Amino acid sequence: MAVNYFKKPVFISSLICIFIFYSGLFIIPDKTSPHLLLKTESIKEISGTIISSPAKTGNGSYYAASFSLESAADARNFRSSASGRLKIFIPTEMAEAYSPGKLYSNSKTGFLFETGGHCSFRGRLTQSGFYIRECTGSHWPSSCRGRLAHLRALCRLHFKRLMYSWGSGGGLLLALLCGAREYTDTATQEAFRRAGLSHILALSGMHLSMFSAIALFFGNRTGIKKFTFVLRIITLVAFVWFAGFSPSLTRAFICAMLMIISSIAGARKPDMLSILCFSFLFQSAICPQDIHSTAFILSYGALAGILLTSRLFNLFYSKFSPKLIASSLSAASGAQTVTAPISLKIFGSFSPIGIVSATVVSPFVTIFIYSGLILIILSLIFPILSKPSGIFINLQYTVINYIVKFFSLVPNWSIN
């Protein structure tokens, strides 16, 4: 069946692009790279808009975010226009000015650094990005887009406050629902990585499909097919708007929208590999900065592996396991088929235990997310239920954490 795909232009086009992007024989210009009239080493101040939610770096000293440049200035305060994107590093004490329970959360001055905020920073520009020393100006644009961005920032802040009140379980739920890992224990994150479950903490298709399933469930109850499609689209857009775009979530969003469009057009069984290929081409065109992102490569590689090989693995696993378990093992094995060599190349190691751990842990995480969503809604409507909800969430977290740490004890395969 895979041979038939070589007759499809979208599949051939994807293979050609993969060769061009990753063979090393061609230089792909980065159209989003910064363009400055001033010398790079002389830049001391930048102005522009934050275009991604800041995420804490490995050493914990900074929060990294993408920044869209509008102007730049040197030490002599000579200012010129600028364009393109660069990575900024916001000092922890500045980024956590409003973060609940953090060391610097009682700061009287600060700005809610989130996507859409317009800021001016002083610092130093290096090859890795702009390291901020101080924020000289910040505001939310008065446009409709700016107000929506401010609303999103406030929603994320209030959500963080609720999750912080739920302790460790809330920290994990926060990571699963909006990608913020600053309240997830470092040991827990490392355990997920060693157990081959890093994809669960990274917002991706699994999370998006769960929200799509919720919308589909309630939409089908109305019996109105058009309303179901509209509800699914609104739910997907709302989740991605709240969580923020990442390479893997963008891939999942494009694929989900293409599947909905296919269903509207009357396709009963959309060709998932063709949809994936079209998504790859489309995302490469609109987000060229994602092409060499590890999350982008692993996201497409994992799903391609599942679509191309899971049927063969299923024939094998079906011989000695129930249908549901065989299906889960097949998907995990298919994903590892492509991602294992990529992980060895990029990280120097990979976790084969991920095939089993994903099969065992995924159902617990699914229940954890669904029950968390229900308890969040109940807690917002009836605040008195917030404390008992946190207790229930932490009971589930303890079970998940124990299982993940058990699988993390299995040695990884690595290249010395």
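So, how was this worked out
- Residues numbered from 1 in each chain as written.
- Predicted model: local features only at pLDDT ≥ 70, side-chain atom pairs only at ≥ 80, totals over all residues.
- Heavy atoms only, no water.
- Phe/Tyr/Trp six-rings, centres within 6.5 Å; stacked < 30°, edge-to-face > 60°.
- Lys NZ or Arg CZ within 6 Å of the ring centre and 35° of its normal.
- Helix = DSSP H or I, 4+ residues; strand = E, 2+ residues; numbered from the N terminus.
- Contact = heavy atoms within 4.5 Å.
- Polar contact = N/O pair within 3.5 Å; in protein donor to acceptor, adjacent residues only side chain to side chain.
- Axes fitted to C-alpha atoms, helices over the stretch in contact; angles between N-to-C directions.
- Parallel < 35°, antiparallel > 145°, perpendicular 65-115°, else oblique.
- Left-handed = near helix turned anticlockwise from the far one by under 90°.
- Nonpolar A, V, L, I, M, F, W, Y, C, P; charged D, E, K, R; others polar.
- Patch = residues over 30% accessible without salt bridge, like charges linked within 9 Å, V, L, I, M, F, W, Y side chains within 5 Å.
- Areas by Shrake-Rupley, 256 points an atom, 1.4 Å probe, with all protein chains shown as cover.
- Salt bridge = Lys/Arg side-chain N within 4 Å of Asp/Glu carboxyl O.
- Buried < 20%, exposed > 50% of the residue type's maximum accessible area, 1.4 Å probe, protein only.

### Structural notes on the packing of aromatic side chains
Phase 1 of the analysis: Using the criterion set out here, one finds 24 aromatic pairs in the structure.
Phase 2 of the analysis: Sitting above the plane of the Y131 ring, R124 keeps its charged end 4.9 Å from the centroid.

### What to know about unusual backbone geometry
Phase 1 of the analysis: A positive phi angle, near 70°, is found at N77, a position not held by glycine.
Phase 2 of the analysis: Tracing the backbone shows N77 in the loop between β4 (62-74) and β5 (79-83).

### Quick word on the environment of Y131
Phase 1 of the analysis: Tracing the sequence through the fold places Y131 in strand β8 (residues 130-139).
Phase 2 of the analysis: Each C-alpha atom of the pair Y131 and A75 lies 15 Å from the other, and the pair is 56 residues apart in sequence.
Phase 3 of the analysis: What Y131 contacts, discounting residues up to four positions off in sequence, is Y62, F89, R122, G123, R124 and T126.
Phase 4 of the analysis: At 3.4 Å, the side chain of Y131 forms a polar contact with the side chain of S128.

### Let's talk about the packing of helix α10 (residues 272-286) against helix α11 (residues 294-317)
Phase 1 of the analysis: At a minimum axis separation of 10 Å, α10 and α11 run at an interaxial angle of 165°. The angle between α10 and α11 falls in the class roughly antiparallel. Between α10 and α11 lies a crossing of left-handed hand. Side by side, α10 and α11 meet where M272, L273, L276, S279, F280, Q283 and S284 of the first sit next to F296, Y300, L303, A304, L307 and L308 of the second.
Phase 2 of the analysis: Residue composition of the contact of α10 with α11, by class: 10 nonpolar, three polar and no charged.

### As for a nonpolar patch on the surface
Phase 1 of the analysis: The grouping of I374, I377, L378, L380, I381, F382, I384 and L385 at the surface amounts to a nonpolar patch, some 810 Å² of accessible area in total.
Phase 2 of the analysis: By the element assignment, L385 lies in the loop between α13 (354-381) and α14 (386-408).

### So, the environment of Q189
Phase 1 of the analysis: Position of Q189 among the secondary structure elements: in helix α5 (residues 186-194).
Phase 2 of the analysis: The class of Q189 is partly exposed, set by a relative accessible area of 24%.
Phase 3 of the analysis: Between the C-alpha atoms of Q189 and L201, which are 12 residues apart in sequence, the distance is 8.1 Å.

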